[in-house]
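Structural overview for review
Each chain is listed here by its residues.
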Amino acid sequence: MSKVKKSFLIDMDGVLVHGSRPIPGARDFIRALLEQERKFLVVTNNALYTTRDLAHLLQVAELDIPEENIYTSAVATAKFLEDQLPEGKAFVIGEVGLTEAIHRIGYVQTPVNPDYVVLGDTTSYSFDQITIAIRLINNGARFIATNPDLTGPGEQGIVPATGAMAALIEAATGKAPLYIGKPNPLMMRSALNHLGVHSEDSYMIGDNMRTDILAGISAGMETVLVMTGVTKQSDVSNFPYRPKYVFDSVGNIKIEDLD
């Protein structure tokens, strides 16, 4: 009986790219996945961009990853809403990556009696929008956030991200959001279902112990940590959980050895 080919969920920033620059070895790694006809998704908490936009950004970095192989926290959030309440209404704070994903599931986006307040990343958080969100949540709208990341990179340094804004809204309402993105295993399960694969036959590859590795372990997957992002080798021992494998970069991974 032949072994099942392993499938892969792969974080983007710090694993495949740094900004617009590919990480050494990433091109060969993606090429090997495609040549071996492996099932894989690039899974990112980035909810700013559409999957088409991200595919283009990766192509600029000379990583030829089809749009259908990209799965964002915005797409996972839209899938969650569709499963929970088809054709509902939501007040959405976010960029086109989130608003388009929610439009695609047939949701009406409105501040008038929405079923949900949905918070995502944006480059221009509005005090007026945050105020509306607080009032709607106090009036009974359910609170969803795409991801718990507190900060993100900006041209002049870090900028507040979804988690920071969600904390503000939670402080004002007393109601915590449901975070869909990593480290919630909900996003991992959603991505695995999207691929049509099982957790026991899949790996999560990431650079962040707190999000990627924890999400993979929580979803019942094997995990691979790479040292090209936020985690240093000396950090690993600080956590009560461990990745199955640690590599310097994705360029050092021989895919066949993981089967």
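Summarised in this report is the structure supplied together with it.

Cut-offs applied
- Residues numbered from 1 in each chain as written.
- Predicted model: local features only at pLDDT ≥ 70, side-chain atom pairs only at ≥ 80, totals over all residues.
- Heavy atoms only, no water.
- Buried < 20%, exposed > 50% of the residue type's maximum accessible area, 1.4 Å probe, protein only.
- Helix = DSSP H or I, 4+ residues; strand = E, 2+ residues; numbered from the N terminus.
- Contact = heavy atoms within 4.5 Å.
- Polar contact = N/O pair within 3.5 Å; in protein donor to acceptor, adjacent residues only side chain to side chain.
- Pairing = 2+ DSSP bridges.
- Axes fitted to C-alpha atoms, helices over the stretch in contact; angles between N-to-C directions.
- Salt bridge = Lys/Arg side-chain N within 4 Å of Asp/Glu carboxyl O.
- Parallel < 35°, antiparallel > 145°, perpendicular 65-115°, else oblique.
- Left-handed = near helix turned anticlockwise from the far one by under 90°.
- Nonpolar A, V, L, I, M, F, W, Y, C, P; charged D, E, K, R; others polar.
- Right-handed = clockwise from strand over helix to strand, strands pointing away.

Observations regarding helix 7 (residues 185-195)
The complete set of buried residues in helix 7 reads M187, M188, S190, A191, L192 and L195. Residues of helix 7 that are buried make contact with strand 1 (7-10), strand 4 (40-44), strand 5 (70-72), helix 3 (73-84), strand 13 (202-206) and helix 8 (209-218). Its side-chain oxygen at 2.9 Å from the backbone nitrogen of L186, N184 defines the N-terminal cap of helix 7. Looking one or two residues beyond helix 7, the residue adopting positive phi is G196, at roughly 75°.

Observations regarding the sheet that holds strand 7 (residues 108-109)
Taken together, five strands build an open sheet; the order of strands is 7-6-8-9-12 and the sheet is parallel. Two strands in the sheet have a free side with no partner beyond their single neighbour: strand 7 and strand 12 (178-179). Each of strand 8 (116-119), strand 9 (142-145) and strand 12 is contacted by helix 3, which is oriented at about 170° to strand 8, the strand it contacts most.

Some points on the pattern of salt bridges
Taken as a whole and assessed by the stated rule, the structure comprises nine salt bridges. Between R31 and D28 there is a salt bridge, with the nearest N and O atoms lying 2.5 Å from each other. One end of the pair is R31 and the other is D28, both in helix 1 (residues 26-35) and three residues apart, which spans about a single turn. Between D83 and K79 there is a salt bridge, with its nearest N and O atoms 3.2 Å apart. Here the residue D83 and the residue K79 both occupy positions in helix 3, the gap between them amounting to four residues, near one helical turn. With a relative accessible area of 37%, K79 lands in the partly exposed category. Look at the salt bridges and you will find they share partners, linking D11, K182 and D212 into a network.

Topic: the packing of helix 3 against helix 4 (residues 96-104)
Where helix 3 meets helix 4, the axes come as close as 8 Å, and the angle between the chain directions of the two elements is 30°. The orientation of helix 3 relative to helix 4 falls into the category roughly parallel. Our pair here, helix 3 against helix 4, has a crossing hand that is right-handed. Facing A74, V75, A78 and L81 of helix 3, the residues of helix 4 in contact are G97, L98, A101 and I102. Here the contact of helix 3 with helix 4 is composed, by residue class, of seven nonpolar, one polar and no charged.

Focus: the pairing of strand 8
A regular strand places its side chains so that they alternate between the two faces of the sheet. The side-chain alternation of strand 8 yields two buried faces, one formed by Y116 and V118 and the other by V117 and L119. One ladder, built from four bridges, connects strand 6 (residues 89-93) with strand 8; its direction is parallel. Paired with V92 across the bridge in strand 8 is V118. Across four bridges, the pairing between strand 8 and strand 9 is parallel. Directly across from V118, in strand 9, lies its bridge partner I144. Once the chain exits strand 8 it traverses helix 5 (residues 127-138) before rejoining the sheet at strand 9, and the crossover so formed is right-handed.

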